[in-house]
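# Tertiary structure, described
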Amino acid sequence: MKNKIMNRKLHQWAVIGAGPAGIAAVGKLLDHGILAEDILWFDPSFKVGDFGHYWSNVSSNTKVKFFKDFLLDVRSFHYQEAPVDFPLNHLPVNETCTLSYMVEPLQWITDCLLQKIHSVKTTIRNMFLSKRQWTLSSDSKTYLAKNVILATGALPSTLNYPGVNVIPFDTAIDKEKLASVIKRDETYGVFGSSHSAIIILKHLVDLNVKKIINFYRSPCCYAVEMDDWILFDNTGLKGQSAAWAREHIDGVLPPNLFRCNVSEANIARFLPECDHVIYAVGFEQRKSIVIGDYENARHNPHVGIIGPGLFGLGIAYPETKTDIYGNSESQVGLWKFMVYLNKVMPVWLNYPT
């Protein structure tokens, strides 16, 4: 605790992170009767997390209907009473949209919650459990809480091929940012075949670069709408990405796009052609907090428990679900986080520290 100021108030709940999952967690705590003064909320900016900071210009893999369901599911959001008629309200509910349409109402909700909740604009660096309470430390202060929800998000995964020039994923996924760094007479390698990889391939084709080499491990997978559920809901392509992939990946390849399976032979042969590479191979948990005695603890993917009074939510701590055909997938998406939170919050409220 040396050189740090101790905040002596013991809060019942602390939420770390103010992206969509953190916003949902705060809202559901209020809905369950936790008093605003008993909640402590941490985030460096309170600007809707990575969702707002990096992905606003990205096309969603989610229908507008599910975004609206997310906003309307939390009573304390008061979304129906918003004085702003958000553009999201006027989009076709069964189509996808750019994420900026969702960022705007989430920012409005955040600003409203900040007027009620004790919030601290900071980054938590360390935390440990002692005497049945959590001590959380930023660079300058420490705080106390009985229970902690980690909604700390995830970072784009990377690969480690030596000697290549890498364009960061957050640049590549945003067409305007990508256009500002590419050169049309160069060759670009893209690793992956998921939703984000397809978006990046489309950007590069539209930008008319000389050549694109797509290294992939498996064929494109498409979501299939069944009677009341979706097969490959989390791993399958949907919306605009699915339409483009059917036409240009599994249909007729654009003249500047070449695809090859990731194998040692193909890497050795084609990677040296690439002036730059982009890794669109998923996300991995952000490990920005040192958690004493829990460094290697994993969350229970069915109820979100990490340890006594410690719970995980969002893209870093997703639910694992198996469909009727035996396919197990991590449930990633705003509405899925909300459905999961509705299921596990009663457990969290009763799980003893």
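Throughout this description, residue numbers start from 1 for each chain and increase along the sequence as written. Residue-level local features of this predicted model are given only where pLDDT is at least 70; pairs of side-chain atoms are given and counted only at 80 or more, and the full residue set underlies all totals for whole chains, interfaces and linings. Side-chain numbers here rest on the full set of heavy atoms in the structure, without hydrogens or water.

## Looking at the domain arrangement of the protein
Taken domain by domain, the protein consists of domain 1 (11–153 + 286–349) and domain 2 (157–282). Segmentation of the chain into domains, including their bounds, is taken from an automatic or database domain assignment. Measuring from the centre of the C-alpha atoms in domain 1 to the corresponding centre in domain 2 gives 29 Å. By definition in these notes, contact holds between two residues if any of their heavy atoms fall within 4.5 Å. Facing 18 residues of domain 1, the contacting portion of domain 2 comprises 19 residues. Both sides together, the interface formed by domain 1 and domain 2 hides about 1,600 Å², and carbon and sulfur atoms give 49% of it. Salt bridge criterion: a side-chain nitrogen from Lys or Arg within 4 Å of a carboxyl oxygen from Asp or Glu. Inspection of the domain 1/domain 2 interface yields two salt bridges. Glu 225 is the salt-bridge partner of Lys 63, the closest N and O atoms lying 2.7 Å from each other. Buried surface area refers to the total accessible area, computed with a probe of radius 1.4 Å, that the two partners give up upon joining, counted for both partners together.

## Quick word on helix H10 (residues 334–350)
Since the α-helix advances by 3.6 residues per turn, residues separated by three or four positions end up pointing in the same direction. The terminal C-alpha atoms of H10 lie 24 Å apart, and with 17 residues this matches the ideal 24 Å at 1.5 Å per residue to within 8%. We define the bend at each residue as the angle formed by axes fitted to the 7 residues ending at it and the 7 residues starting at it. Per the convention used, a helix needs a DSSP run of H or I reaching at least four residues, while a strand needs a run of E reaching at least two, with both numbered from the N terminus. Largest kink in H10: about 40°, centred on Val 344, with the proline Pro 346 one to four residues after it. The length a helix should cover is 1.5 Å for every residue beyond the first.

## Overview of the pairing of strand S5 (residues 133–137)
Across the five residues of S5, four count as buried, placing the element largely inside the fold. Two strands qualify as a pair provided that DSSP identifies no fewer than 2 bridges between them. Summarising the sheet, strand S4 (residues 126–130) and S5 pair through five bridges and their orientation is antiparallel. Opposite Leu 129, over in S5, you have Trp 134 as the bridge partner. Hairpin connection from S4 to S5: two residues lie between these consecutive antiparallel strands, with Lys 131 at a positive phi of about 55°. Of the pairings in the sheet, the one linking S5 to strand S6 (residues 141–150) comprises four bridges and is antiparallel in character. Paired with Ser 137 across the two strands is Thr 142, which belongs to S6. If you look at the hairpin formed by S5 and S6, you'll find three residues sitting between the two strands. Exposure classes here rest on a 1.4 Å probe applied to the protein chains alone. A residue is buried below 20% of its type maximum, exposed above 50%, and partly exposed in between.

## Quick word on unusual backbone geometry
With phi around 65°, Val 48 is a residue other than glycine that occupies positive phi space. With respect to the element layout, Val 48 can be found in the loop between strand S2 (39–43) and helix H2 (49–53). With a phi close to 55°, His 78 is a non-glycine residue in the positive phi region. Summarising the element assignment, His 78 is placed in the loop between helix H3 (64–72) and helix H4 (100–114). Owing to a relative accessible area of 34%, His 78 belongs among the partly exposed residues under this scheme.

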